[in-house]
2 protein chains.
Amino acid sequence: MPRFRLTIEFDGRPFMGWQRQSHGPSVQQAIERAATRITGETAPVHAAGRTDAGVHALGMVAHVELARDITPFKLMEALNWHLRPDPIAVIACETVADDWHARFSCIGRAYLYRIVNRRAPLTLEAGRAWRIAAPLDADAMHDAAQALVGLHDFTTFRSVACQSASPVKTLDRLAVRRDGDAVLVEAAARSFLHHQVRSMVGCLALVGQGRWSRADLLEALEARDRQALGLNAPPDGLYFVTARYD
Amino acid sequence: MPRFRLTIEFDGRPFMGWQRQSHGPSVQQAIERAATRITGETAPVHAAGRTDAGVHALGMVAHVELARDITPFKLMEALNWHLRPDPIAVIACETVADDWHARFSCIGRAYLYRIVNRRAPLTLEAGRAWRIAAPLDADAMHDAAQALVGLHDFTTFRSVACQSASPVKTLDRLAVRRDGDAVLVEAAARSFLHHQVRSMVGCLALVGQGRWSRADLLEALEARDRQALGLNAPPDGLYFVTARYD
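Residues numbered from 1 in each chain as written. Chains lettered and ligands numbered in written order. Predicted model: local features only at pLDDT ≥ 70, side-chain atom pairs only at ≥ 80, totals over all residues. Heavy atoms only, no water.

For clarity, the cut-off: UniProt positions are given in the numbering used here, feature names are shortened, and annotations may be inferred rather than shown by experiment.
An unreviewed UniProt entry lists chain A under the name tRNA pseudouridine synthase A, from Sphingomonas jatrophae. Quoted verbatim from the Subunit (unreviewed entry) heading of the UniProt record, the comment on chain A is "Homodimer." The record held by UniProt for chain A lists under Sequence similarities (unreviewed entry) the comment "Belongs to the tRNA pseudouridine synthase TruA family."

### Things to note about the UniProt feature "domain: Pseudouridine synthase I TruA alpha/beta" (unreviewed entry) in chain A
Residue and element names in this part refer to chain A. The following threshold applies: Secondary structure elements are defined from DSSP: runs of H or I of at least 4 residues count as helices, runs of E of at least 2 residues count as strands, and each element is numbered from the N terminus.
The sites that carry the UniProt feature "domain: Pseudouridine synthase I TruA alpha/beta" (unreviewed entry) are, in the present numbering, residues 8-104 and 144-246. Strand forms 25% of residues 8-104 and helix 26%; the C-alpha atoms that close the span are 18 Å apart. Split by type, residues 144-246 is 24% helix and 31% strand. Its first and last C-alpha atoms lie 31 Å apart.

### Some words on the relation of the copies chain B and chain A
Condition: In superposing the copies, a least-squares fit is computed on C-alpha atoms, taking residues whose pLDDT is at least 70 in both.
With an RMSD of 0.0 Å, the fit of chain B onto chain A corresponds to turning through 180° and sliding 0.0 Å along the axis. Such values leave the two copies arranged in the relation of a two-fold axis.

### Things to note about the pairing of strand S5 (residues 106-117) of chain A
All names here are of chain A. Just so we agree on the cut-off: Only protein chains enter the area calculation, which uses a 1.4 Å probe; residues under 20% of their type maximum are buried, those over 50% are exposed, and those in between are partly exposed. Strand pairing is assigned whenever DSSP detects at least two bridges linking the two strands.
Within S5, 11 of the 12 residues are buried, which leaves it mostly tucked inside the rest of the structure. Sheet topology places S5 next to strand S10 (residues 238-245); seven bridges connect them, and they run antiparallel. The partner of Arg-109 across the bridge, within S10, is Ala-243. In the sheet, S5 pairs with strand S9 (residues 182-189) via eight bridges, with the strands oriented antiparallel. Within S9, the position partnered with Leu-112 by the bridge is Glu-186.

### Some details on the packing of helix H1 (residues 27-39) of chain A against helix H2 (residues 72-83) of chain A
All names here are of chain A. Filter applied, for reference: Structural elements are reduced to axes, namely lines fitted to C-alpha atoms, with helices fitted over the stretch in contact, and the angle between N-to-C directions of any two is expressed from 0 to 180 degrees. Roughly parallel covers angles under 35 degrees, roughly antiparallel covers those over 145, roughly perpendicular covers 65 to 115, and oblique covers all other angles. Two helices crossing with the near one rotated counterclockwise from the far one by less than a right angle form a left-handed crossing, whereas a clockwise rotation gives a right-handed crossing. We call two residues in contact when some of their heavy atoms are within 4.5 Å. Residue classes follow a fixed rule: Ala, Val, Leu, Ile, Met, Phe, Trp, Tyr, Cys and Pro count as nonpolar, while Asp, Glu, Lys and Arg count as charged, and any other residue, Gly among them, counts as polar.
The geometry of H1 relative to H2 is characterised by a closest axis approach of 9 Å and an angle of 115° between their N-to-C directions. With respect to their mutual orientation, H1 and H2 come out roughly perpendicular. The way H1 lies across H2 gives a crossing that is right-handed. Counted together, Ala-30, Ile-31, Ala-34, Ala-35, Arg-37 and Ile-38 of H1 and Leu-75, Ala-78, Leu-79, His-82 and Leu-83 of H2 form the full contact between these two elements. Here the residues of the contact of H1 with H2 sort into nine nonpolar, one polar and one charged.

### Some remarks on the packing of aromatic side chains
Residue and element names in this part refer to chain A. How we decide: Note on aromatic pairs: the rings of Phe, Tyr and Trp (six-membered ring only in Trp) are paired at centre separations within 6.5 Å, and the planes decide the class, stacked below 30 degrees, edge-to-face beyond 60, tilted for the rest.
Counted under the stated rule, the structure contains 11 aromatic pairs over all chains. Ring geometry for Trp-100 and Tyr-245: centres 4.6 Å apart, planes at 45°, overall tilted. Of this pair, Trp-100 sits in the loop between strand S4 (88-96) and S5 while Tyr-245 sits in strand S10; the two residues are 145 residues apart in sequence, bridging distant segments of the chain. Judged on exposure class, the residue Trp-100 and its partner Tyr-245 are both buried.

### Digging into the interface of chain B and chain A
Basically, it comes down to this: What gets called buried area is simply the loss in accessible area from a 1.4 Å probe that two parts show on being joined, summed for both. The salt bridge definition used is simple: a Lys or Arg side-chain nitrogen within 4 Å of an Asp or Glu carboxyl oxygen. Any pair of nitrogen or oxygen atoms within 3.5 Å is treated as a polar contact; in protein, a donor-acceptor pairing is required on top of that, and neighbouring residues in sequence qualify only through side-chain atoms on both sides.
Across the boundary between the two partners, chain B contributes 24 residues, which contact 24 residues of chain A. Summed over both partners, the interface of chain B with chain A comes to about 1800 Å²; 58% of that surface belongs to carbon and sulfur atoms. Three residues, B:Arg119, B:Thr123 and B:Leu124, lead the burial of chain B against chain A; their summed loss comes to 36% of the area buried on that side. Our count for the contact surface shared by chain B and chain A stands at six salt bridges. At the boundary of chain B with chain A, the tally comes to 10 residue pairs in polar contact (both at pLDDT 80 or more). Grouping the amino acids of the side of chain B that touches chain A by side-chain chemistry returns 14 nonpolar, three polar and seven charged.

### Details of the environment of B:Leu151
Residue and element names in this part refer to chain B. Within the fold, Leu-151 resides in strand S7 (residues 150-153). A C-alpha to C-alpha distance of 5.6 Å links Leu-151 and Lys-169, two positions 18 residues apart in sequence. Setting aside anything within four residues of it in sequence, one finds Leu-151 in contact with Val-168, Lys-169 and Thr-170.

### Concerning the side chain of B:Glu125
Topologically, B:Glu125 is positioned in the loop between strand S5 (106-116) and strand S6 (130-131). Setting aside residues no more than four positions away along its own chain, B:Glu125 makes contact with A:Arg128 and B:Arg114.

### Regarding the domain arrangement of chain A
Residues and elements named next belong to chain A. As a reminder of what qualifies: Residue ranges for the domains originate in an automatic or database domain assignment.
Per the domain assignment, the segments making up chain A are domain 1 (3-96) and domain 2 (107-245). One C-alpha centre belongs to domain 1, the other to domain 2, and the line joining them spans 27 Å. Of the residues lining the interface, 16 residues belong to domain 1; the matching set on domain 2 comes to 18 residues. Inspection of the region where domain 1 meets domain 2 yields one salt bridge. A salt bridge links Asp-52 to Arg-198; the shortest N-O distance between them is 3.3 Å. Per-element tally for the side of domain 1 that touches domain 2: the top contributor is strand S3 (residues 56-65), with six residues. Tallied by class, the residues present in the side of domain 1 that touches domain 2 amount to seven nonpolar, five polar and four charged.

### Some remarks on the state of the cysteines
All names here are of chain A. This is how it is decided: Our working definition of a disulfide is a cysteine sulfur pair at a distance within 2.5 Å.
A full pass over the atoms with the stated rule returns zero disulfides over all chains. Of all cysteine sulfurs, the one in Cys-162 lies closest to Cys-106, which takes part in no disulfide; the gap is 16 Å. Judged by relative accessible area, Cys-106 falls into the buried class, the value being 3%. The closest cysteine sulfur to the non-disulfide-bonded Cys-203 is located on Cys-162, 16 Å from its own sulfur. The exposure class of Cys-203 is buried, given its relative accessible area of 0%.

Spelled out as structure tokens, the structure:
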């Protein structure tokens, strides 16, 4: 049976998140339903990462195995047709080896978090960024962020609902830069804990406002205690950007 | 009475356009209603440009005269409070001279038109860009666009509903560039005719697909006939960016 790798873009606002849920619409469910409409089969779609409700994706990677003989291009076109009007689009599709797995073969994940730093409410960016009215010092945020890079116990930055076996992860990159009134945070690691990016961004926002120092952030990390978390950023500004494979 | 200059950002999707309409919500009406809630007065809000239904603004400029003594900062904050939940935000506010007029003092207007050039439908950009599936040659579009720059009779690129006294306008700039899968068109002039930017972009899209040559575009311009128009681009991708004053 051919296995297809899908690159998926979605607006997370209408969904309970990536994963199929009994209590509301999910991105996974929408794609599985579209696949069933095309081939008549019920085939699970596996993704590189699970995103929370309201979190977006520019390049989520997933795979699906289908018995029906169909070219990757035709599958992409048919999925996009059947996904309408959900704000989900397959932006690339290719066949992969039988043992290639979107989640287990993945060796790196990258997220972007978008903050808009201004007084005025958001209009075109509503639901797609986190507005912070108080002025942010992006350089101070970037400097403090380096305290989190590397191998650490990220218990402080992990949701109590996190299902990961260990809170110890290696954070490869956490970079903060200003672009006009936007403050962009890029995070990369082999894998992340549940809520890790949002929790790190929430605390960096405190640093940017001068309410926390780099030392405070380090202290929160070393506490290894969810109670030490300063702030969890809202899902609105979070984007799953890319998944990396060998 | 103090006169205030407002810089306004809005998502055009829910509105019939800038101008007050009897048959649906408008940006002007929303701002006038918010101002009335603040001061109790009924004061008209005048804008640098009128936008169509579904057209967005990153920096529309308008003015309003209010009897009540209020600082520009407080007016901005109060307008934004009362504008909720409409996707309209006042992003700057200042006092101006009594004879300063957002429309009549304006000496330059700039628009941006965003095309996303890809097969897949839009998700995060739905309603905020024009998707064109066929590959576009942005360089050919830019080259052809230069045929429209300068003083011309733009009858071909003007809505039949246009109320301007003359179809003769000077187009200062029409630049097309590619940025990844986006094709961006920037247009600047002292003033534009109704539908002019959308009509120019529609024809440039034909050039980008190789369906029209630069000579075809020039022929359409010289026809001075709305029937010669190749295509009118949808409002989704159009943004009023700035108004310029002395």
